[in-house]
Each structure stands twice: as C-alpha cells, then as structure tokens.
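Close look at the chain arrangement
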Amino acid sequence: MIKLLHVIAIGALVSSAVYAYSIKYETTLAAEHLQKLKAKTQRERDAIQVLKAEWQFLNRPDRVQSLAERHLELQPFVVTQVVKPSDIPNRGPKVDTIGRKLEDLGLGVPTETPRDRKASATTPGAMP
Amino acid sequence: MTEPTRNEAPMEQQGEAAEGVVQRGRLAWLRDVFRMSGEKSQPRVGLVILGFSALFIAITGRLVMLAALPNEQVGLRRATSNAISAARPDITDRNGEMMATDIRTVSVFAEPRKILDKDEATELLTAVLPDLDAKDLRDKLGTKKGFVWVKREITPRQQAEVHRLGIPGVGFVPENKRVYPNGTAAAHVLGFANIDNVGIAGIEKYIDSQGLQDLNGAGLATEASDLKPVQLSIDLRVQHLLRDELAKGIERFKAIAAAGAIMDVNTGEVIALASLPDFDPNNPVDALEKDRINRMNVGVYEMGSTFKALTIAMALDSGKANINSSYSTAGGMMRFGRQVIKEYHGTGRTLTVPEVFLHSSNMGSIKMALAVGVEGHKAFLKKMMQLDRVTTELPESAAPIVPQRWGEINTATIAFGHGLAVAPLQALSAVAALVNGGYLIRPTFLKRSEEDARKVATRVIKPETSEAMRFIMRLNGEKGSARKADVPGYFVGGKTGTAEKVINGRYAKNKNFTTFTAIAPSDKPKYLFLAIYDEPKGYAESGGYSTAAWNAGVTTGKVIERSAPILGLSPRFDPPPSPFPLMAKLGAWGSR
C-alpha cells in the first residue's frame, strides 16, 4: 500500500515537473515570438513613416506645379469659369428620341401585326 | 641551542622557567585553537571573528568600489540615451498634409575602450564610410571616453557594410531623423530641428518649449506614434502659391527681398506666411544668415500709408471725425518747426474722409491724428498692439521701434506711417481688427476655431467704424490705388503703402519699401492679404514707377486670384445688394 502511494507520488512529481517544464518552454517560445512580432510591427511602422514622407515629398506643391507646367496644357483658373447653381438651365422636357426618329422615317403608325383573337382573349389580365 | 640547555641544566629549569612559559604559551595557544573542549576555545572564536570581519570588509569595499566607479555597460546606455535623437510629433497643415515628420535611421557609434587595434578600426571604417575624416576619427577613438559617434544617420547599405567589418566595440543605434518633405514651403513657420532632434527655430522650438524636452529627459516619448501631431493654421497649397508669386515678383521687380502673409480675419489664423529669401529646413546651413530672417515677424518696418487706415479708424472711432468730415489740403505742405511734410499725390482741394484714404493724403491723415491729440494717438496705437512686441507661437519676434520722445511731429509722421517701425504681422493683426467688426485677435500659427478666437479677442473699435473702414478700403479697391488687386468677383478692398527706406539716417528717395494690404470680400471680410517688397525697381509696364501698386499690388492681385478658389471664396458677379448700409444712409462720399 505504502509502496503504491510512493509510486503514485513519484509519478505525480515527475509529471508535474514535465508539465511545468513544458509550460515554461512554451512561455519562452511565445515571448520570443511576441518579441519578433513587435520588432516586425516596428519595422513596418517605420517603413510606413518613410513611405508617408516620400509620398509627401513627391506630392510637394512646387514639384507638382513644375510637372503640371511641363506636361499638362492647363490654364489658370478664371473667375468667369464659375457658374452659380441657379444659372444652370433647367432640364428640358423629356423627349422620346427613338419614337421621334421612327416618326421621321414614317414608321410612326402602329404596326399591322395580325392579331389572334383567341390569344387576346386568353391573355390573363388584371381582375376587375 | 635548546638541546644543550635541556641536557646540561636540569637544575637550571627553575631559572629558565620564565623563558619556558613564553614558549609554552605560544604553543598552548596554537594547541587551544585546535582543542576540542568547549571552555578553552576562545582563541578559535577570536580567529573566526577576525576571518569573517576581513571577509565583510572586503565585500563592503567592493560594493563601495562598484557604486563609486561607473559601470561600463550602464554608462554606455546612458550615453546613448542622452545622445540619440528624441522623437518629435509630426507637424501637419490645416488639412492634415504632412509638413514635418520623423523617420528612423541608424547611427554608428564606437566604444574606444573596447577597441583593440584603433588604427585598424580607423582604416576599416574610413574604407566603408569614405566621407569620414580619418585623422579626426583616429583622435576620437584615441580618447578614453566610453562612447563616441562615428557617423550619424547612415544608409541601410552602409550599416550592412559596417556590420560585416565585425570590429569589436563598434555598434549601431536607431535614431529619429527629422524630415521636411515640402522643402522650402513654410520654412520660416516650421523652423527646424538639429541633428539631435531639438527644435532650434520656429514651431519646432515652440513644440519643445511646450514640455517635449522634459518628456524626453524623463526617458518617455521616444516614439513618434506616442505624440499627437501638431496641426498648423497654414494651408500648404496657399503657402506654396504665395511663395511662388513672391518669388516671381522678386525676379520681375528686381527687389532684394519680399514677404507676404494671408490671415483669416475672424480667427487670427495665419493661413500662409512667406519671407524671401528663405531656406530649406532639411539643410538649414544658411538659415541663420542675416537676410534669411522672417521679415513678417522679426523685421520691423515703417509701414507707410497702410498706417493711414489706423489713423482714419482712430479719428472715426473717437468721434472727432465722421465719414463726411472734410480736410483742407490747400498749400500741399505742412510745417512742424523745421520739418516740412509734403503731400505726395497733391490735389490742393478739400477732401472728405474717403477721399483722404483714396488719394493717400498725408495732410488729411495728419489733421485727423492731431484732432485726436498726441496722447489719444498713443493710447489708440497701444490698444491696437502697435507699441509692444507681439508674441505668437513663433519664438522669434521683434519689438517695434517707438520714438523715444513722442511729440506733435511724431504723431504727425506716424499718422501716415513714418516714424514708427512695426513687424508686418503686427500691422496685419491691427488691420484685421479694423475690418472684422472691431475685434483685435492675437495672430496664431495653430489651427483654431472662430469660437476659440472670440474668447481671446478684445473689442478695440466700434462695429460702425469697422464698416466705414471696409467701405473706404473697398472704395480704394474700386477706384483708388488698390485697383491692381481688384480681382473681379471677389469684391476686393485694399490699401497701398510706400515708405522710403532709411539709409544712414535719411530717407532715401529712390529706395522704397512697399506694402499692399487687401481684404476679400469687403462686405464681410474673411481673408486679409499682405505683400511686401523691399527695394523694388520700376519696370517697363509700370512706366518706371516702383510704388506699391505696381509691385506689391500686382502680386497681391495674383495671389488672390489663385488662392480664392482654394480658400473657398465663391465669386459673385453682381455686387452685393447693400454691402455698407450705414455708409449709404450717411450718404458718404462714393457710396452712390
């Protein structure tokens, strides 16, 4: 009986030691991983900062102006180009352009499709 | 010797007893030390006490040594943390465009005490970093210091090469480098930071004075992402076009310097500020040269006729004059003791207040100022912040040059803008107060709302006086000397100012300092524009004139034309139905 207890106790001791060791090992591994990720995010953040600065450097107004002067045929803004919303004319009445064209071609009259009386009678319509 | 003594003299044992006790005593002590019995072990205890005392003294001594002498590793960390560049917050313009930021770079340092072969190290390092001075580096490595910089801010490639050399005692430290991606744009506002990322001038210095340096000293905030970006009132696009137009103007009018500013009259925000020649904050080697100063803030100038606006506002506000008062300019000159003041654009007739402004009549403004009196004039200018240094966020500022003894003659000359030199930004804030309804607001370079500005604003003139000032400025824009800047659709008003420069204590006839102040739109001003030229020359189209309308006026017109759409001023083609109701009611000259 005592012997069995001893065996169990030793077994528990060994397994707890193994468990504690594995936990410790995992923690170290996780900490290392965390450190690596932190370093990586920092690198990315630094890179973003550099790219931001570079973007602004390439978009600085005097560079954009000199490029625009060289490559674009833009004119300076003139006040007369501005139109007030109230000055914009209203949209004209809606015109059926296809219909008008058909009329011009003399096709405006209803087509004389032969009608089948039965078909018209059987067409389901809205109930009154 | 002891052997024969024992053999030959057993009787003498008694006589020798004294000597024997000594001998036996020593032996006995030694024997006592190793004796097992308890009561005789005192000597042993004594020895143990001695031994332990010696041990503890040795440990204490070592502790004192460790505390007193600097530890090498700790010393290195301290040296680097003191030396490396601290992080600074980003600076953005009012729309969030980046104006200054930190980027991460790497610097090489060395620990001379750990370098074994200094000559070899010098040779290898200079081979990889060719722009290093070999002799200088050898001297640095020869010192007994724990930490020296080899080179600051190297490229990643150079870092890899230095790393490959594998010299013991040479290491890398990541550092923050300040960059200004927009180059010269707003250089005078931004200022710059030195290689240790300490603000030296401009807003950069202001940021430091707000407690950033203390933060770094405590070892906090070495990461830019911890710091909130500083948002300026500057609009980068407008800033660029202002500088662009001034630079073109310098070339066209062959001026030695130029400056300009755009201010929001309701908030006191400076939207753009340029002073030429300027510098590149990324490479501020020439920033401290005398002609690179910020002329808007650090230079003081006699503002010329622009000051007449202040004189007229003072006369109207004091009640000594109204918009219909008239002043005789007969004779075309006034005499003060030995001094004679002449009319520049002499008409010889009697002028009403708006006409005094339009014709820029010296005599009219003198008479108005004298009607208020010397003390009243002084008090008014004091109230308008023209007699004291105006401080903004920018650490650089200049105090105005005020006459020592202020007599009638001084009031007379200051009435038309001579004899009192102020910083242009100072004059600008006063003009803003004249047109915005009468609130004097301290100019700022940080973004702020109208409500916040109202809290710090003080009322200096009546709203009616402000309307009169807007009216006469608009009149001048329509019919007077400010026509050059009257961009159609924006209802511009303005005032020219031409002052002769003082050279060797005398006013030089052919050297002018010209200013142009404009407001838009005049019925409800939003922006105030200012352009300044130092010694502009006449050119073909101007018929040789170098007065303000022909240079500063032209530039201001272009600046308004280009910036108004960006600033969100919408053009109007029919003039506002009743822009100046009070002036129309009073039947002021020019209102019909």
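This text goes with the structure placed above it.
None of the values given here were measured: they were computed from a predicted structure. (Residues numbered from 1 in each chain as written. Chains lettered and ligands numbered in written order. Predicted model: local features only at pLDDT ≥ 70, side-chain atom pairs only at ≥ 80, totals over all residues. Heavy atoms only, no water.)

Considerations on the overall build of chain A
Of regular secondary structure, chain A possesses four helices and zero strands. Sequence-ordered secondary structure for chain A, helices as α and strands as β, is α-α-α-α. Counting only residues that meet the buried cut, chain A has 6% of its 128 residues in that class. Of the roughly 12,400 Å² of accessible surface on chain A, a fraction of 64% belongs to carbon and sulfur atoms. (Helix = DSSP H or I, 4+ residues; strand = E, 2+ residues; numbered from the N terminus. Buried < 20%, exposed > 50% of the residue type's maximum accessible area, 1.4 Å probe, protein only. Areas by Shrake-Rupley, 256 points an atom, 1.4 Å probe, with all protein chains shown as cover.)

Considerations on a nonpolar patch on the surface
Residues Val48(B), Phe52(B), Leu55(B), Phe56(B), Ile59(B), Leu63(B) and Leu66(B) make up a contiguous nonpolar surface patch of roughly 700 Å² in combined accessible area. Mapped onto the fold, Leu66(B) is located in helix H3 (residues 42-68). (Patch = residues over 30% accessible without salt bridge, like charges linked within 9 Å, V, L, I, M, F, W, Y side chains within 5 Å. Salt bridge = Lys/Arg side-chain N within 4 Å of Asp/Glu carboxyl O.)

Focus on helix H15 (residues 408-415) of chain B
Residue and element names in this part refer to chain B. With six of its eight residues buried, H15 lies for the most part within the structure. Buried within H15 are the following residues: Asn410, Thr411, Ala412, Thr413, Ile414 and Ala415. Here the buried face of H15 lies against helix H11 (306-318), strand E12 (333-336), strand E13 (339-342), helix H13 (362-372) and helix H14 (374-383). Just beyond H15, the residue with positive phi is Gly417, at close to 90°. (Contact = heavy atoms within 4.5 Å.)

Here's the deal with the pairing of E12(B)
Burial along E12(B) is one-sided: Met334(B) and Phe336(B) are buried, while Met333(B) and Arg335(B), pointing the other way, are not. The hairpin turn running from E12(B) into E13(B), its antiparallel successor, is two residues long, and Gly337(B) in that turn takes a positive phi close to 60°. (Pairing = 2+ DSSP bridges.)

Some points on the interface of chain B and chain A
One widely used convention gives an interface's size as the accessible area the parts lose upon coming together. Listed as interface residues are 25 residues of chain B and, on the opposing side, 17 residues of chain A. Summed over the three residues of chain B that lose the most area to chain A, namely Pro181(B), His240(B) and Phe573(B), the buried surface amounts to 26% of that side. Viewed at the interface, chain A and chain B are joined by zero salt bridges. Put simply, chain B and chain A have five residue pairs in polar contact (both at pLDDT 80 or more) between them. When contributions to the side of chain B that touches chain A are tallied by element, the ones reaching two or more residues are strand E2 (98-110), helix H10 (236-253) and helix H19 (552-567) of chain B. Tallying contributions element by element places E2(B) first for the side of chain B that touches chain A, with five residues. Tallied by class, the residues present in the side of chain B that touches chain A amount to 11 nonpolar, four polar and 10 charged. (Buried area = accessible area lost by both parts, 1.4 Å probe. Polar contact = N/O pair within 3.5 Å; in protein donor to acceptor, adjacent residues only side chain to side chain. Nonpolar A, V, L, I, M, F, W, Y, C, P; charged D, E, K, R; others polar.)

Thoughts on the pairing of strand E20 (residues 527-534) of chain B
Residues and elements named next belong to chain B. Most of E20 is tucked away, with eight of its eight residues classed as buried. With burial as the criterion, each face of E20 is covered, one bearing Tyr527, Phe529, Ala531 and Tyr533 and the other bearing Leu528, Leu530, Ile532 and Asp534. Where strand E8 (residues 257-264) lies against E20, eight bridges are found, and the strand directions are antiparallel. Paired with Met263 across the bridge in E20 is Leu528. Across eight bridges, strand E19 (residues 506-520) lies against E20 in antiparallel orientation. Among the inter-strand pairings, Ile519 is bridged to a residue of E20, identified as Leu528. Hairpin connection between E19 and E20: a loop of six residues separates the two successive antiparallel strands.

A word on the nonpolar core
The biggest cluster of nonpolar side chains holds 90 residues, and the ones touching the most others in it are Ile203(B) and Leu232(B). The element best represented in this core is helix H16 (residues 424-435) of chain B, accounting for nine residues. (Core = buried A, V, L, I, M, F, W, Y, C linked by side-chain atoms within 4.5 Å.)

Some points on the packing of H14(B) against H15(B)
All names here are of chain B. Following both chains from N to C, one finds H14 and H15 inclined at 50°, their axes separated by 9 Å at the closest point. What the angle tells us is that H14 and H15 run oblique. Between H14 and H15 the crossing geometry is left-handed. Residues Val374, His377 and Leu381 of H14 touch H15, and the partners they reach there are Glu408, Thr411, Ile414 and Ala415. Its residues placed into classes, the contact of H14 with H15 shows four nonpolar, two polar and one charged. (Axes fitted to C-alpha atoms, helices over the stretch in contact; angles between N-to-C directions. Parallel < 35°, antiparallel > 145°, perpendicular 65-115°, else oblique. Left-handed = near helix turned anticlockwise from the far one by under 90°.)

Section: the environment of Val78(A)
Within the secondary structure layout, Val78(A) lies in the loop between helix H2 (61-71) and helix H3 (97-104). With 44 residues separating them along the chain, Val78(A) and Leu34(A) place their C-alpha atoms 59 Å apart.

Brief notes about unusual backbone geometry
Residue and element names in this part refer to chain B. Along the chain, Leu276 connects to Pro277 via a cis peptide bond; the corresponding omega equals 0°. Cis geometry marks the peptide bond from Ala520 to Pro521; its omega dihedral reads -20°. Mapped onto the fold, Pro521 is located in the loop between E19 and E20. The residue Lys254 is not glycine, and still its phi comes out positive at about 50°. By the element assignment, Lys254 lies in the loop between H10 and E8. For Lys254, a relative accessible area of 55% gives the class exposed. Here Phe491, not a glycine, exhibits a phi torsion of approximately 60°, which is positive. Inspection of the secondary structure puts Phe491 in the loop between helix H18 (463-479) and strand E18 (493-503).

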